[in-house]
Amino acid sequence: MLLVACVLCFSQVACALTANEDATEDVDLEDGMVSQLDLGNAPRRVPRQVKTLLSKETKPHIQELSIQTTIMSRYAFTAVSCTMLNRYSAATEGVFQLQVPAAAFISNFTMIVGGRVFPSQVKVKKKNGDKNRDENNGRMKSKKSAERSEGETETFRMAITVPGRNRAVFLLTYEELLVRRLGYYEHVTSVRPMHLVSRLNVGVTIVEHSRIKYLDVLPLRNGKTSPSSGNGKTNGKATMPVSTVVRQNETFCKISFTPNIVQQVKITNNGILGDFVVRYDVEREMGIGDIQVLDGHFVHYFAPKDLPIVPKNVVFVIDTSASMVGTKIRQHLGLRASLLILMLHFDRSHVPRPVVHGQTKEALFTILRDLRPNDRFNFVTFSSRIRVWQPGKLVPVTPNNVRDAKKFIYMISPTGGTDINRGIQAGSLLLSEYLSSQEHTNGNSVSLIIFLTDGRPTVGVIQTPSILGNTKTAVKEKFCIFTIGMGKDVDYKLLERMALENCGTMRRIPEEADTSTMLKGFYDEIGTPLLSDIRMEYSDDAVEYVTRNHFPNYFNGSEIVVAGRLHNRSANALHVQVTASNSEHSLTMETDVSLGERERQTRRRVKEAEAEAEAGVGADGYVERLWGFLSVKEGLKGRLRSHGGAERENFTRRAADLSLAYNFLTPLTQMLVETPQVLADGTVARAEPAGGPPPDDSGMANRLLEWEESAGDTPQSLHRKKEELHQSSVVGTGTTDGDPHFVVEFPHNKLNVCFNINGEAGDILRLVTDHKHSGVTVNGKLIGTPAPSGSHKQQRTYFGSITVVVDMPRRSYIEVTPHKVILDSRDRMVLPCSSSISVESESLSVNIAANASVTVTIQASIQFVILLHGYKNPAPYQQDHLGFYIANKKGLSKDTHGLLGQFLYEEVALIQLHGNITVATGNDMGGAGPAPGNAEPEHTGLKVKKRTVEVVKKTRRIYSGTHTVDCWFAKNNAAHLIDGQYQDYVVPHQFDTGHWPHGNNMH
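Cut-offs applied
Residues numbered from 1 in each chain as written. Predicted model: local features only at pLDDT ≥ 70, side-chain atom pairs only at ≥ 80, totals over all residues. Heavy atoms only, no water. Helix = DSSP H or I, 4+ residues; strand = E, 2+ residues; numbered from the N terminus. Buried < 20%, exposed > 50% of the residue type's maximum accessible area, 1.4 Å probe, protein only. Contact = heavy atoms within 4.5 Å. Areas by Shrake-Rupley, 256 points an atom, 1.4 Å probe, with all protein chains shown as cover. Axes fitted to C-alpha atoms, helices over the stretch in contact; angles between N-to-C directions. Parallel < 35°, antiparallel > 145°, perpendicular 65-115°, else oblique. Nonpolar A, V, L, I, M, F, W, Y, C, P; charged D, E, K, R; others polar. Expected span 1.5 Å × (residues − 1). Arc of directions from axis to C-beta. Polar contact = N/O pair within 3.5 Å; in protein donor to acceptor, adjacent residues only side chain to side chain. Pairing = 2+ DSSP bridges. Core = buried A, V, L, I, M, F, W, Y, C linked by side-chain atoms within 4.5 Å. Disulfide = S-S within 2.5 Å. Phe/Tyr/Trp six-rings, centres within 6.5 Å; stacked < 30°, edge-to-face > 60°. Lys NZ or Arg CZ within 6 Å of the ring centre and 35° of its normal.

Would you mind going over the overall build of the protein with me for this structure?
Counting its regular elements, the protein contains twelve helices and 54 strands. The burial tally for the protein puts 59% of its 1003 residues in the buried class. In the protein, once contacts between residues fewer than 6 apart in sequence are set aside, the share between residues at least 24 apart is 72%. Total accessible area on the protein is roughly 40200 Å²; 47% of this is exposed by carbon and sulfur atoms.

Following this line, the structure appears as structure tokens:
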């Protein structure tokens, strides 16, 4: 048994592949690899250096790397697919690494190696485990934290053995809520494959409710500069990365970055291309904000503009201990001043260098120039002793005061130890006394503390609980503390708790970063407060589980986001009230929001996103997942902020439960990942987790992806499909395909009956239901496109997804779209439809024939075939869709119902209709002709369930148009052919298993 860990850590590399040193066989380049290169407009030779780089490559080759993101109203879904080829005959180690934004949650990971699928499963992390874990098996290097600094990344890593002459596919998805800073949202995709990639494709699709007023694709970024450094939006003169294409309208944007190998070499020959950065912002109306509703959940975005600036009070607290000497002190003082207490403390590991204070002092000089006339400020320095620039007061911003402050900064020199406790106490006392004094005449000003340190106190009070308790007592909820950690030797837990307990946030700055620029960017984010004491209230009887809805401050260029569940889904309106204070007076805004209209608007945007998104990346259900994302984040923060006991346990349990519900990898969960073992004959064996408990999370990074012991269930068996599904071998007793055309075969009667359903896009239809007996239900969701020119229809409808729900022996489901299959049984797997794969368990199997079909077999006696219809260059009226076929009905009971299921065990007969005379003509189609000698027109009827339905003979194409079938067509939306009416088969959601209202399959 083999135990391999998948880890998240700070790193420069991504999707990297390393080779076993024993794999020395020399082989040719991958067939067609060079011929596929796009070398420009005119034919020319492949540059010699490219051939050399490829031919000298001794590591497994990355054939394809695809990173596709769909951003639906700030919530981003990213799907990564990395295909690597071992061109050698010997098995070779491959390592998949990808930098993931630290604020994101991984939601799925699957490997396909040698044709076998190796899924992952999220479980709650155990409290006690093996602390002697080998570093190669996944010890974390990143920090354990609930609050992640903007711009940080963690590296997801998985090492496996790839069989000789074989491929491995790694599929990873993660989700994040984009945070608005400095007036824009920023999405960063790390493109660091460490190798030249034959097919590299990075895509970002943005769909917003409001007009996209600003969009910028930055040059590839490979440094440590903060994503929000500087003054925000670029001037538009920067050049987009080569091969970047942007397609955009008012509310939609699709960006692609697809450099070929030659273009990659021109950027870099080591495969570290850098960060692909997209920034954007949307138009906003004055008022209560943007409220979106979907599937019983809501999200409220609030970012008012054109408000007067609230005055600020700032005290800079600067650490002047001996650790100030060196790189950090030269860089740290890139802060801009605000009405804040700023504590600067630096790492002790640096050797002193010349020009000790240059960058630090220049940055503080810039901050002083940016202070506004209504602001108040002061400076405190601390080491083993405390110095206050202007004791007992905060001074106004005047030319003389700014000049004197510069003199004070210039004279700073490092000495002594670090007394963090006394430093924060001195700053807090200074600010508290000012707020209580008669000098403080403006009651609506904002006071903040920014605490910049490595968090390692060396003198005075050094115990973390005592420092936190003293800080809380000194602040007395009168102002907020913002903490900044710098370097590798930082107690980030101390900094984060200090900020969270005092209504602030924490920011990390890497040791090798452009500190001055990052500090300036951070100050710019909090330097312009517009509102304070913001409260978002909603109808008490309409909502539940609302995320944080009280905020101490709102800063210019940021955004407040609140989400919740709708308790009363039948309500027509939601009452929303926002109260806040600014520099002049208190504000109250309220309105009633039409829930039905908002949900229709939201669904239209989701359809647009799904139509444009790449395979495997969808935005359906984004409001609920956004609510889950925010709720987990707040649970983690509450857990860190609490002081133990029942409160901490409640936060922990809720955050863990939600993490499991949404399959998020968080500090409270871990992923059980099976890894392949290559046998002596080169085939892939089923690997099992090694025995022994998982490692403890203490001392590890918070997003550890690690093995744990099996829970005892028999693992699912996954293997490559041996042969493609032959469509001609499928004999369907009931089918639906096309627009949607239903064809029902009655083998005993030797005839086929067909009908159309003219539904609405978004409708979910009950196709098969046998919930009471076999536990099987099949639902299909309609999508719509404009009808072709000249058609009598206003739109065409197709099945965009098919969901098979199985309740026996355990509940599971299979959701199929034209591009992916989601199987949720014991494990949750997301499989691409572009690969031939078979997944088997004790009672359920799914077989994917690449880009052709998906076969679902239940208990060996029920089989459904779902055909995949795709278009390379679709016309406006064409859209990728599905066809559904019942291939084996043996396990379905005679009580089965649904649009197709109701006919499985029925007998029908054709009859001849002539005037008021009805003549039976037998059961074959040939007997349905007109009776000779009758002058009146004759018609053919179908007798089914004691009802007679007029039908006409037609020919229908099935199996993607490769076959035709003669059938008797029932008009008028299958009126009188099906039980009840079309609306009786419309269900509220794709996982609905409710019974048929006329009595069959009752519980």
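For this particular structure, what's the right way to read the packing of helix H6 (residues 420-436) against helix H7 (residues 464-475)?
To characterise two packed helices, one gives the angle between the axes of the helices and the distance between these axes. Axis separation between H6 and H7 bottoms out at 9 Å; the angle between their running directions is 5°. Between H6 and H7, the angle is such that the two are roughly parallel. Taken together, the residues of H7 that come into contact with H6 (itself represented by Asn421, Ile424, Gln425, Ser428 and Ser432) are Ile467, Asn470, Thr471, Ala474 and Val475. Broken down by class, the residue content of the contact of H6 with H7 amounts to four nonpolar, six polar and no charged.

Would you mind showing me how to read helix H5 (residues 399-410) here?
Count 3.6 residues to each turn of an α-helix, and residues three or four apart come out pointing the same way. Here H5 spans 17 Å end to end across twelve residues, near enough to the 16 Å set by a 1.5 Å rise per residue. Those residues of H5 that sit buried are Asn401, Val402, Ala405, Phe408 and Ile409. The buried side chains of H5 occupy one side of the element, clustering within an arc of 115° when seen end-on. Exposed residues pointing more than 90 degrees away from the buried face of H5 are listed as Pro399 and Tyr410.

Whenever I open this one, the side chain of Asn752 confuses me. Can you help?
Considering the arrangement of structural elements, one finds Asn752 in strand S38 (residues 751-756). Only 3.3 Å separates the side chain of Asn752 from the backbone oxygen of Asp966, close enough to count as a polar contact.

Whenever I open this one, the sheet that holds strand S6 (residues 116-118) confuses me. Can you help?
Pairing between sheet strands relies on hydrogen bonds along the backbone, with the strands arranged either parallel or antiparallel. With respect to topology, eight strands assemble into an open sheet ordered S6-S5-S9-S3-S2-S11-S14-S13, the strand pairing being mixed. Every interior strand has two partners, whereas the edge strands, S6 and strand S13 (244-248), have only one. Each strand of the sheet is rotated relative to its neighbour by a mean of 10°, with strand direction disregarded. Across eight bridges, the pairing between strand S5 (residues 105-113) and strand S9 (residues 166-177) is antiparallel. Across the sheet, residue Asn108 finds its bridge partner in S9, namely Thr173.

For this particular structure, what's the right way to read the pairing of strand S42 (residues 812-816)?
With five of its five residues buried, S42 lies for the most part within the structure. Neither face of S42 is left uncovered, since the one carrying Ser812, Ile814 and Val816 and the one carrying Tyr813 and Glu815 both have all their residues buried. Between strand S41 (residues 795-806) and S42, which follow one another and run antiparallel, lie five residues. Taking the residues between adjacent antiparallel strands as the criterion, S42 and strand S43 (residues 820-824) are bridged by three residues.

Just to check I follow, could you spell out the nonpolar core for this structure?
One broad trend across soluble globular proteins is that nonpolar side chains are buried collectively. With 61 residues, the main nonpolar core has Phe755, Leu767, Phe864, Phe884 and Leu977 as its most contacted residues. Judged by nonpolar contacts, the second largest core, of 48 residues, contains Phe96, Tyr174, Leu200 and Leu665.

Before we go on, may I ask you to explain the state of the cysteines in this structure?
Defined simply, a disulfide is a covalent bond joining two cysteines at their sulfur atoms. This structure, assessed with the given rule, holds two disulfides. Two residues, Cys480 and Cys503, share a disulfide whose sulfurs are 1.8 Å apart. Looking along the S-S bond of the Cys480-Cys503 disulfide, the torsion reads about -105°, which is the left-handed sense. Remark: Cys503 occurs in the loop between helix H8 (492-500) and strand S25 (506-509) and Cys480 occurs in strand S24 (residues 480-486); sequence separation between them is 23 residues. Classification of Cys480 by relative accessible area gives buried; the value is 4%. Two residues, Cys754 and Cys967, share a disulfide whose sulfurs are 2.1 Å apart. Its S-S torsion of about 75° marks the bond between Cys754 and Cys967 as right-handed, since a negative value means left-handed.

Can you help me understand the pairing of strand S18 (residues 312-319) in this one?
Every other side chain in a regular strand lies on the same face of the sheet, so the side chains alternate between the two faces. In terms of burial, S18 is a largely internal element, eight of the eight residues being buried. Burial along S18 is two-sided: Lys312, Val314, Phe316 and Ile318 facing one way and Asn313, Val315, Val317 and Asp319 facing the other are all buried. In this structure, S18 lies alongside strand S23 (residues 446-453), joined through two bridges in parallel fashion. Paired with Asn313 across the bridge in S23 is Ser447.

Which parts of the structure should I look at to understand the packing of aromatic side chains?
Summed over all chains, the structure comprises 28 aromatic pairs. Between Phe96 and Phe156 the ring centres are 6.0 Å apart and the planes differ by 70°, which places this aromatic pair in the edge-to-face class. Taken together, the residues span a long stretch of sequence, with Phe96 in strand S4 (residues 92-101) and Phe156 in strand S8 (residues 153-162) at a distance of 60 residues. Accessibility expressed as a relative area gives 0% for Phe96, which makes it buried. Summarising the aromatic geometry, the rings of Phe379 and Phe408 are spaced 6.3 Å apart at their centres and angled 40° between planes, so their arrangement reads as tilted. Residue Phe379 is located in strand S20 (residues 376-382), and its partner Phe408 is located in helix H5; the two are separated by 29 residues in the primary sequence. Neither Phe379 nor Phe408 differs from the other in exposure class; each is buried. Members of the aromatic cluster, joined through ring pairs, are Tyr75, Phe77, Phe105, Trp627, Phe629, Tyr662 and Phe664. Across from the ring centre of Tyr492, 4.4 Å away, lies the NZ or CZ of Arg508, which sits over that ring.

Sorry, what's going on with the sheet that holds strand S27 (residues 543-544) here?
Taking strand neighbours across the sheet as the criterion, the four strands line up as S16-S17-S29-S27 in an open arrangement whose pairing is antiparallel. Each edge of the open sheet carries a strand with a single partner, namely strand S16 (290-294) and S27. Strand direction decides the pairing type here: S27 and strand S29 (residues 560-566), joined by two bridges, are antiparallel. Residue pairing in the sheet places Val543 in a bridge with Leu566 of S29.

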